[in-house]
Amino acid sequence: MKIAVVVNTFPSASQTFIATQVDELVRQGHEVEIFAHGMERGVHHAVVARVLEYCRVTYFRFPRQAYHLIEFIRWCLYNLPTLFEVANYSRLSAKHFPFFGMLLKVFYLTKASEQSDAVFSHFATAGAPFAFIPRTGSTRLLFFHGYDVNRFPLEVGLTAFAKIIASHDIFISNTEFTKRIAMKNGVPSNRIYSVPVGLNFSLFPPVEERPRRSRVELISIGRLVEKKGIEFTIRACGILLASGFSEFRYTIVGDGPLKDSLAHLAHSLNLHNHVEFKGTASQEAVRELLSVSDILLMPSVTASDGDKEGQGLVMQEAQLLEVPVVATDHNGFSEGVVDAETALLVPERSPESLASAIKTLCDSDETRRRFGRAGRQFVLKKYDIRFTTAAVLKHI
């Protein structure tokens, strides 16, 4: 099968799950071409390198060669009604649908749609150009990951969102929670299916039993933005330190606009010897850091602009490496762990609850080991990339 995968950015350090899906599609014998608006430089993941070796990536750029430029101009002249439709649509949200950018996407994706058996659009923003592309024989799948059903419809309005929905055949959500939100926003209940983002288990072999250490290694991984809630785990660490418990180190992996303010908060709570900001890391480095950690902290919150997490894939990665999780009961997180068996879930924006849960796991090596073993078995049953990919393909 020939599949076109449409994304906003490729490669992207925070969206390696897309490269993992493409990698598995190719393993299963499909021909894949990726279409993207832009790229994030400095992304050095092995799975991205593999995908770039055997998949063509086409970027929505203005044609520079004379032949392609003439083809683009001719297409515009032949499709003047489409130009006016795109212009009207752009007025709904120039931020998300700039006229010329949208026009280039429609131009490139019209041909891709004609030449493909299926089109996978990751995030509603990536699927927007299909609202102006005539139907062909290809099946159009739209993948929801969280932002695009939580915040995006509010930003662009339900009229613009409905046009995107009407131009697709099948919808895939990463959690049942995301599925319910999507349906509230007008996605047909008989055409949306919940299929979690999967993992390549060969990259997560069983870990050796962790040695006893004098301090507990805590870790969080993700962009330093409001919805990640890192402020609250830093405050929880401050509570632990103030209570007399100091045998811990908290490693924060990732970068983002809140890095300076979070570092200042950690310093103000006298945590300079306990909190370390690692910056961004490759997928391989993240796995290595997780494998030597004792507890993953996932304190996500609903941001002030309404943005929320989706699946929280790093929780499945941690559990596969037998690392117990302390997380907030946020969005669809409860579907990706087993509360009180593989993880401890606490309310959002509660440093006190986070501190209590962290201390519970810090106090017992045996509880951490038990949670870790149960977590690996839970993920092995539900998140195999081979089976999640097959679950998507059966809807084509």
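Structural data are supplied above this passage.
Residues numbered from 1 in each chain as written. Predicted model: local features only at pLDDT ≥ 70, side-chain atom pairs only at ≥ 80, totals over all residues. Heavy atoms only, no water.

(A) Up close: the pairing of strand β9 (residues 248-253). Most of β9 is tucked away: five of the six residues are buried. Pairing of strand β8 (residues 216-221) with β9 involves six bridges; the strand directions are parallel. Following the sheet pairing, glutamate 217 is matched in β9 by arginine 249. A crossover connection joins β8 to the parallel β9 through helix α11 (residues 230-242); in handedness this β-α-β unit is right-handed. The sheet contact formed by β9 and strand β10 (residues 275-279) spans four bridges and is parallel. Within β10, the position partnered with tyrosine 250 by the bridge is valine 275. With helix α12 (residues 259-268) bridging β9 and the parallel β10, this β-α-β connection has right-handed handedness. (Buried < 20%, exposed > 50% of the residue type's maximum accessible area, 1.4 Å probe, protein only. Helix = DSSP H or I, 4+ residues; strand = E, 2+ residues; numbered from the N terminus. Pairing = 2+ DSSP bridges. Right-handed = clockwise from strand over helix to strand, strands pointing away.)

(B) Quick peek at the side chain of threonine 367. Its location among the elements puts threonine 367 in helix α16 (residues 365-382). Residue class for threonine 367 comes out buried when judged on its relative accessible area of 16%. Of the polar contacts made by the side chain of threonine 367, one reaches the side chain of serine 364; its length is 2.8 Å. (Polar contact = N/O pair within 3.5 Å; in protein donor to acceptor, adjacent residues only side chain to side chain.)

(C) Representation of the side chain of histidine 122 in the model. Its location among the elements puts histidine 122 in strand β4 (residues 118-122). Among the polar contacts listed, one links the side chain of histidine 122 to the side chain of glutamine 21, at a separation of 2.8 Å. Looking at histidine 122, its side chain comes within polar contact range of the side chain of histidine 145, at 2.9 Å. For histidine 122, the contacting residues outside a window of four places in its chain are Val5, Val6, Val7, Asn8, Phe17, Ile18, Gln21, Phe143 and His145. (Contact = heavy atoms within 4.5 Å.)

(D) Representation of empty space enclosed by the protein. All chains considered together, the criterion is met by four cavities of 30 Å³ or more. By volume, the largest cavity amounts to about 160 Å³. Residue assignment for the lining of the largest cavity shows that the elements contributing at least two residues are α1 (16-27), β5 (139-144), β6 (170-173) and α17 (385-393). Here the lining of the largest cavity gets four residues from one element, more than from any other, and that element is α17. Considered class by class, the residues forming the lining of the largest cavity number nine nonpolar, nine polar and no charged. The space that makes up the second largest cavity amounts to roughly 70 Å³. Thr16, Phe17, Thr20, Gly198, Leu199, Asn200, Leu203, Phe204, Gln283, Arg287, Leu313 and Glu317 together form the lining of the second largest cavity. If you list the elements that add at least two residues to the lining of the second largest cavity, you get α1, α13 (283-291) and α14 (313-320). By residue number, the principal contributor to the lining of the second largest cavity is α1, which donates three residues. (1 Å grid on protein atoms, 1.4 Å probe; cavity = no way out; pocket = protein on both sides within 12 Å on 5 of 7 lines; lining within 4 Å. Points joined across faces, edges and corners; volume = space filled by probe spheres on them. Nonpolar A, V, L, I, M, F, W, Y, C, P; charged D, E, K, R; others polar.)

(E) Up close: the pattern of salt bridges. The tally for this structure, following the rule as stated, stands at 23 salt bridges. Glutamate 226 is the partner of arginine 349 in a salt bridge, and the nearest nitrogen-oxygen pair spans 3.6 Å. Pair noted here: arginine 349 is in the loop between β13 (343-346) and α15 (351-362) and glutamate 226 is in the loop between β8 and α11, with a separation of 123 residues, a long-range link. Residue classification places glutamate 226 among the partly exposed residues on the basis of a relative accessible area of 33%. One salt bridge in this structure joins glutamate 366 and arginine 369, with 3.4 Å as the shortest N-O distance. Here glutamate 366 pairs with arginine 369, and both are found in helix α16, just three residues apart, close to one helical turn. According to the relative accessible area criterion, arginine 369 is partly exposed, its value standing at 25%. (Salt bridge = Lys/Arg side-chain N within 4 Å of Asp/Glu carboxyl O.)

(F) Up close: unusual backbone geometry. Residue proline 11 follows phenylalanine 10 across a cis peptide bond; omega there is -5 degrees. Structurally, proline 11 is set in the loop between β1 (2-9) and α1. Of note, the phi angle at asparagine 331 is positive, near 50 degrees, even though the residue is not glycine. On the secondary structure map, asparagine 331 appears in the loop between β12 (325-328) and β13. Backbone geometry places arginine 349, a non-glycine residue, at a positive phi of 55 degrees. Judged by its relative accessible area of 39%, arginine 349 falls in the partly exposed class.

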